[in-house]
Amino acid sequence: MAEKLLEVNNLKKYFPVKAGIFKKTVAYVKAVDDVSFFVNKGETLGLVGESGCGKSTTGRTILRLLEATAGEVIFEGKDVLSLNKEDLRNIRRDMQIIFQDPYASLNPRMTVADIVGEPIDIHNLAKNKKERNEKVKDILERVGLGSEYMRRYPHEFSGGQRQRIGVARALAVDPKLIIADEPVSALDVSIQAQVINLLQDLQKDFGLTYLFIAHDLSVVKHISDRIAVMYLGKIVEMADKTELFDDPMHPYTQSLLSAIPEADPTKKKERIILEGDVPSPVDPPSGCRFHPRCPKAFDKCSVEEPVFKDYGDNHFAACHLLEE
Ligand SMILES: Nc1ncnc2c1ncn2[C@@H]1O[C@H](COP(=O)(O)OP(=O)(O)O)[C@@H](O)[C@H]1O
Ligand SMILES: [Mg+2]
């Protein structure tokens, strides 16, 4: 029986929109609107959706880099959202994040040794500077960077190398869960696979659990065990990876899949082109939020919100077409 490491229940994050001289709250950006999922120990859950769907906000709210509006985050049986400062500090060691932009996320004034060593200092994981630098050296080697880089600064590195520094920093405190927020999106395609392979190797060696965020299904294909598809603040489909790729149920997932180029030219693939952008999460569409862009929408879709249901073998989806 798989053991759950992280459980997210009915998570909501609404950002207030303020206006006028009194800065009154006039509306809310419903960035994450009732999201539930779990991640088992040692597995990778891919979280996918177009830009603006609420993926980063989900990740940041789990880590309490943002305070949730409602819901539950359970990590190893502990309710993360109600932890006090001290307990939160301890749990932060177990949950790390890797950011999308390896240019913006590393302090340009710090050496690589200090960037990777900082979390070791914060959590008092080394007796002295010498032991700390030994640790840093080991981790850097583990992510494919030699110790000769320790005294250098981030700007001296390529994008791929910088992301390795970001990975090393996350690994430095020996975490259990890593939330990787589009860790390869800013990198050249030729470099992306190297970083994904590295993350996979590290997962095996250190028994890591990943929540792997991407806007592109092809990126999460290899690394994920299961995939959750997010649209405008909600998860619309979730299934084992192979199941999701072979039998996508939600029209949104189908359109995302159709956007991936087919490697085999003998297989003809129908391209479903979505019209328009993701609507504003301030005033999301009625009924099914996807209905204004859905090529298969019918009357009911604009009126009633579809229920997220298990259609067998842990294949969940929320779509009225499936209920017919
Ligand atoms: N601090 C914030 N204040 C107000 N709105 C925000 C804030 N952060 C994100 N948003 C909005 O929340 C929505 C989801 O954003 P985000 O989680 O970054 O999506 P994704 O990571 O899927 O691209 C977007 O509409 C975004 O503009
Ligand atoms: Mg994001």
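As a reminder, the structure under discussion sits directly above these lines.
The structure displayed is predicted, hence computed values, not measured ones.

## Regarding helix H1 (residues 55-62)
Piece 1. Among the eight residues that make up H1, six are buried, leaving the element largely enclosed by the rest of the structure.
Piece 2. Where H1 is concerned, the buried positions are Lys55, Thr57, Thr58, Gly59, Thr61 and Ile62.
Piece 3. Following H1 by one or two positions, arginine 64 has its phi on the positive side, about 60 degrees.

## A closer look at the packing of aromatic side chains
Piece 1. This structure, assessed with the given rule, holds six aromatic pairs.
Piece 2. Each member of the aromatic cluster is reached from another via a ring pair, and the members are Tyr231, Tyr252 and Phe290.
Piece 3. It is lysine 4 that lies over the ring of phenylalanine 38; its NZ or CZ is 4.9 Å from the centre.
Piece 4. Over the ring of phenylalanine 38 we find arginine 226; its NZ or CZ atom is 4.3 Å from the centre of that ring.

## Describing the site of ligand 1
Piece 1. Looking at ligand 1, the residues that line it are Phe15, Val29, Ala31, Glu50, Ser51, Gly52, Cys53, Gly54, Lys55, Ser56, Thr57 and Pro281.
Piece 2. At a separation of 2.8 Å, an oxygen atom of ligand 1 approaches a polar side-chain atom of lysine 55.
Piece 3. A distance of 2.5 Å separates an oxygen atom of ligand 1 from a polar side-chain atom of threonine 57.
Piece 4. Relative to its free-state accessible area of 560 Å², ligand 1 is covered by the protein chains to the extent of 62%.
Piece 5. Counting residues per element, the shell around ligand 1 draws most heavily on H1, which supplies three residues.
Piece 6. Here the residues of the shell around ligand 1 are counted per class, giving five nonpolar, five polar and two charged.

## Focus on unusual backbone geometry
Piece 1. The residue glutamate 76 is not glycine, and still its phi comes out positive at about 50 degrees.
Piece 2. Even without being a glycine, leucine 232 presents a positive backbone phi close to 45 degrees.
Piece 3. Position of leucine 232 relative to the elements: it lies in the loop between strand S9 (226-231) and strand S10 (234-240).

## As for the side chain of histidine 123
Piece 1. Tracing the chain through its elements places histidine 123 in the loop between helix H3 (112-122) and helix H4 (129-142).
Piece 2. What histidine 123 contacts, discounting residues up to four positions off in sequence, is Arg89, Arg92, Arg93 and Val173.

## So, the nonpolar core
Piece 1. Formed by 60 residues in total, the largest nonpolar core has its most connected members in Val116, Phe212, Leu217 and Tyr252.
Piece 2. Those residues in contact with leucine 217 that lie beyond four places of it in its chain are Val48, Ile227, Leu244, Phe245, Thr253, Leu256, Leu257 and Ile260.
Piece 3. Counting 29 residues, the second largest nonpolar core, distinct from the first, contains Leu5, Phe37, Leu47 and Ile179.

## Some points on the sheet that holds strand S5 (residues 78-79)
Piece 1. With antiparallel pairing, four strands are arranged side by side in an open sheet as S2-S1-S4-S5. The two strands at the open ends of the sheet, each matched to only one other strand, are strand S2 (24-40) and S5.
Piece 2. Pairing between strand S4 (residues 70-75) and S5: two bridges, direction antiparallel. Within S5, the residue paired with phenylalanine 75 across the bridge is lysine 78.

## Concerning the packing of H3 against helix H5 (residues 159-171)
Piece 1. Direction vectors running N to C along H3 and H5 enclose 30 degrees, while the axes themselves pass 7 Å from each other. Here H3 lies roughly parallel to H5, going by the angle between them. H3 and H5 meet at a crossing whose hand is right-handed. Only Ile165, Ala168 and Arg169 of H5 make contact with H3, whose side of the interface consists of Val112, Ile115, Val116, Glu118 and Pro119.
Piece 2. The residue makeup of the contact of H3 with H5, split by class, is six nonpolar, no polar and two charged.

## With respect to the environment of glycine 117
Piece 1. Residue position: glycine 117 is located in helix H3.
Piece 2. Of the residues examined, glycine 117 reaches a relative accessible area of 0% and is grouped as buried.
Piece 3. Along the chain, glycine 117 and valine 173 lie 56 residues apart, while their C-alpha atoms are 9.2 Å from each other.
Piece 4. Not counting chain neighbours up to four residues away, the residues in contact with glycine 117 comprise Arg132 and Val136.

## Regarding a negative patch on the surface
Piece 1. Taken together, the side chains of Glu134, Asp138, Glu141 and Glu148 make up a negatively charged region of the molecular surface.
Piece 2. Note on placement: glutamate 141 falls in helix H4.

Cut-off values and rules
- Residues numbered from 1 in each chain as written.
- Chains lettered and ligands numbered in written order.
- Predicted model: local features only at pLDDT ≥ 70, side-chain atom pairs only at ≥ 80, totals over all residues.
- Heavy atoms only, no water.
- Buried < 20%, exposed > 50% of the residue type's maximum accessible area, 1.4 Å probe, protein only.
- Helix = DSSP H or I, 4+ residues; strand = E, 2+ residues; numbered from the N terminus.
- Phe/Tyr/Trp six-rings, centres within 6.5 Å; stacked < 30°, edge-to-face > 60°.
- Lys NZ or Arg CZ within 6 Å of the ring centre and 35° of its normal.
- Near = heavy atom within 4 Å.
- Polar contact = N/O pair within 3.5 Å; in protein donor to acceptor, adjacent residues only side chain to side chain.
- Areas by Shrake-Rupley, 256 points an atom, 1.4 Å probe, with all protein chains shown as cover.
- Nonpolar A, V, L, I, M, F, W, Y, C, P; charged D, E, K, R; others polar.
- Contact = heavy atoms within 4.5 Å.
- Core = buried A, V, L, I, M, F, W, Y, C linked by side-chain atoms within 4.5 Å.
- Pairing = 2+ DSSP bridges.
- Axes fitted to C-alpha atoms, helices over the stretch in contact; angles between N-to-C directions.
- Parallel < 35°, antiparallel > 145°, perpendicular 65-115°, else oblique.
- Left-handed = near helix turned anticlockwise from the far one by under 90°.
- Patch = residues over 30% accessible without salt bridge, like charges linked within 9 Å, V, L, I, M, F, W, Y side chains within 5 Å.
- Salt bridge = Lys/Arg side-chain N within 4 Å of Asp/Glu carboxyl O.
- Lys, Arg positive; Asp, Glu negative; His and termini not counted.
- Charge placed at Lys NZ, Arg CZ, Asp CG, Glu CD.

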